[in-house]
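What follows is the residue order along each chain.
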Amino acid sequence: MEMRRLGRTGLSIAPLVFGGNVFGWTADEKTSFALLDAFFDAGFNAVDTADVYSSWVPGNRGGESETIIGKWLKQSGRPRDRAVIITKVGSELGPGRKGLSRRWILQAVEDSLKRLQTDHIDLYLSHWPDPETPCEETLAAYETLLSQGKVRAIGASNLDAGQLRGALDVAAAKGLPRYDVLQPEYNLYDRAAYDGALRNLCIAEEIGVITYFSLARGFLSGKYRSHTDLEGSARGGGVEKYLDGRGMRILGVLDEIAEETGAKQAEIALAWIIARDGVTAPIASATSLDQVASLVKSAELKLSEEAIQLLNDVSQ
């Protein structure tokens, strides 16, 4: 499996990251263990989660995904250094349990470490910007965690170019650790927020980029083509916005390339991101072993220049 340098973190990851948001949601513990085993057996080495996953499920409180990953790490017998564990802090978990203050970060990391049953997190991300906390305070908290060895590298999710530039400037001016990884929403349909100034900044600053919603919440798999297709789907509410003319045109090109190559639409959509300059790896989830096998194929798929150009044009 090809390994890619994740910015300046010193970490190397395969060109696709498993999305752990499904653990404790659409994949129970037993299924999650099987999915992770298959994914890592195929040569991949990174899994992405967050302390808040999957609090949106009735009866859940958050931390379910980390807990499942921690149990899997313990029972799998895999060497800890063979797994790159990515998690996040900042989303609301209850009163006083959100944001990027020093107080909350130092508490939240201990909670995550306990759930993950490990002594360190490979990559710790600020989940959302926190306008109520100075960036200097947040980065200083991360400096403490880095010096203690509880975190190996830091990054941020959901920052725009101005926010990322500001954070980099604060780090440089105050002698604090900088964000070396960005996790933006990015896929064939949702390109505008990352392409342009933010992508250019990440390339110029050698920032590793791992994209989320890489399949547009499942829309780019091709299985959702009408409102009827959304009925009964756990992801249906998030997919509806893609059912417009532009979305259908993108699916049309994916269908054409699928017919020519024999690859599935989701594999082609992920292969396009993997080949994109300025992206280290997309995040994608799976809830069945067949879907894991498809993820493997997406990492192996090499699209022709013509196919890439068609996708570039239809998704502009």
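Note that this is a predicted model, so its numbers are computed, not measured.

Analysis parameters
Residue positions within a chain follow its written sequence, with the count starting from 1. A pLDDT threshold of at least 70 governs which residues receive local features in this predicted model, and a stricter bar of 80 or more applies before side-chain atom pairs are shown or counted, although totals over entire chains, interfaces and linings include all residues. With hydrogens and water set aside, each side-chain value is computed from the structure's full complement of heavy atoms. Note on conventions: DSSP H or I runs of at least 4 residues are helices, E runs of at least 2 residues are strands, and numbering of each starts at the N terminus. Note on classification: 1.4 Å probe, protein chains only; a residue is buried when its accessible area is under 20% of the maximum for its type, exposed when over 50%, partly exposed between these limits. Only heavy atoms enter the contact rule, under which two residues are in contact if any of them lie within 4.5 Å. Calculation of accessible area relied on Shrake-Rupley with a 1.4 Å probe; when residues are assessed, cover is drawn exclusively from the protein chains displayed. Scored between 0 and 100, pLDDT is the confidence that the predictor attaches to each residue. Geometry of aromatic contacts follows a simple scheme: Phe, Tyr and Trp rings, the Trp one being its six-membered ring, pair when their centres are within 6.5 Å, and the pair is stacked under 30 degrees between planes, edge-to-face over 60, tilted otherwise. Expected span of a helix: the number of residues minus one, times 1.5 Å. By construction, the arc corresponds to the directions joining the helix axis to the C-beta atoms.

**A closer look at the overall build of the protein**
Scanning the protein from N- to C-terminus turns up 12 helices and 10 strands. Residues classed as buried in the protein amount to 56% of the 316 residues present. Across the protein, contacts joining residues at least 24 apart in sequence account for 75% of those joining residues at least 6 apart. Looking at the protein as shown, the accessible area adds up to about 13400 Å², and 49% of this sits on carbon and sulfur atoms.

**Some points on the side chain of Thr138**
In this fold, Thr138 is placed in helix α4 (residues 135-148). With a relative accessible area of 2%, Thr138 lands in the buried category. If we skip the residues at most four places from it in the chain, Thr138 touches Leu100, Ile105, Ser126, Thr133 and Tyr179.

**Let's talk about the confidence of the model for the protein**
Per-chain confidence: the protein averages 97 in pLDDT, with 99% of residues scoring 70 or above. The spread of mean pLDDT over the elements of the protein runs between helix α8 (residues 236-239), the lowest at 80, and strand β8 (residues 181-183), the highest at 99.

**Digging into the packing of aromatic side chains**
By the definition in use, this model includes 14 aromatic pairs. When the ring of Phe39 is compared with that of Phe40, the centres are 6.1 Å apart and the planes differ by 70°; the resulting orientation is edge-to-face. Under the relative-accessibility criterion, Phe40 is labelled buried at 9%. Taking the centre distance of 4.9 Å and the plane angle of 50° together, the rings of Phe40 and Trp72 count as tilted. Of this pair, Phe40 sits in helix α1 (residues 29-41) while Trp72 sits in helix α2 (residues 64-76), placing them 32 residues apart in sequence. Here Trp72 falls in the buried class, since its relative accessible area comes to 0%. Through a chain of ring-to-ring contacts, the aromatic side chains of Phe18, Phe23, Phe39, Phe40, Phe44 and Trp72 assemble into a single cluster.

**Description of helix α3 (residues 102-116)**
At 3.6 residues per turn, the α-helix brings residues three or four places apart onto the same side. If you check α3, its first and last C-alpha atoms are 21 Å apart, about what 15 residues at 1.5 Å a residue would give, namely 21 Å. Considered for burial, the residues of α3 that qualify are Trp104, Ile105, Ala108, Val109, Ser112, Leu113, Arg115 and Leu116. Viewed along the axis of α3, the buried residues span an arc of 160°, placing them on a single side of the element. Tucked inside the fold, the buried residues of α3 contact α2, β5 (84-89), β6 (121-126), α4 and β7 (151-157). Phi for Gln117, located one or two positions after α3, is positive at around 55°.

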